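Topology and contacts: notes
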Amino acid sequence: QVLLEQSGGQSVQAGGSLTLSCVASGRSFGAWIMGWFRQGQGPEREFVGAITRSGGTRDYADSVKGRFTISRDNSKNTVYLQMNSLKPEDTAVYYCAADPFPAWPDRDQRDYDYWGQGTQVTVSS
């Protein structure tokens, strides 16, 4: 069983910054695409961003491009989501996810086999 353990969620004022972390227990972390998704008040979970196996390429949703940065440290089995210039509309439960059968780009949540427990990010005006 692969476990993804998330941390870092909290309440922040608009314009502030926050970093989320996700640590994987899997033995093949470096072979996986890692993605971030979020569930706000809308009906669907939406794609936030993803990073390739070696971290050389990143993909972001238009809503967060220029404000959010994904990085990974394969020696620590960890992926990060750095969020800057936060807006109230960023309020959501954020999930990290792993795709062990990588293809690129990788925006479809159905391709991800392993999911973190989610963490709440609340941005106040």
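Preceding this paragraph is the structure being described.
Summarised in this report is the structure supplied together with it. (Residues numbered from 1 in each chain as written. Predicted model: local features only at pLDDT ≥ 70, side-chain atom pairs only at ≥ 80, totals over all residues. Heavy atoms only, no water.)

1. Examining the packing of aromatic side chains
Two numbers describe a pair of aromatic rings. These are the distance of the centres and the angle of the planes. The full count for this structure, using the stated rule, is seven aromatic pairs. Look at Phe37 and Phe47: their rings are 5.7 Å apart centre to centre, the planes differ by 75 degrees, and that puts the pair in the edge-to-face class. Taken together, the residues Phe37 in strand β4 (residues 33-39) and Phe47 in strand β5 (residues 46-51) connect sequence positions 10 residues apart. For the pair Phe37 and Phe47, a shared accessibility class is recorded, and that class is buried. Consider the rings of Phe37 and Tyr112, whose centres lie 5.1 Å apart with planes at 80 degrees: the pair is edge-to-face. Within this pair, whereas Phe37 is found in strand β4, its partner Tyr112 is found in the loop between β9 (92-99) and β10 (114-115), the two being separated by 75 residues in sequence. Looking at Phe37, the relative accessible area reads 1%, which means it is buried. The class for Tyr112 is buried, based on a relative accessible area of 4%. (Phe/Tyr/Trp six-rings, centres within 6.5 Å; stacked < 30°, edge-to-face > 60°. Helix = DSSP H or I, 4+ residues; strand = E, 2+ residues; numbered from the N terminus. Buried < 20%, exposed > 50% of the residue type's maximum accessible area, 1.4 Å probe, protein only.)

2. Points about unusual backbone geometry
When glycine is set aside, most residues are seen to have a negative phi, and most peptide bonds are trans. Cis geometry marks the peptide bond from Trp104 to Pro105; its omega dihedral reads 0 degrees. With respect to the helices and strands, the residue Pro105 is situated in the loop between β9 and β10. At Asn77, a residue that is not glycine, the phi angle is positive and equals roughly 55 degrees. As for its position among the elements, Asn77 is in the loop between β7 (68-73) and β8 (78-83). A positive phi angle, close to 50 degrees, is found at Ser85, a residue other than glycine. By relative accessible area, which is 42% here, Ser85 ends up partly exposed.

On their own, these measurements won't tell you what the molecule is for.
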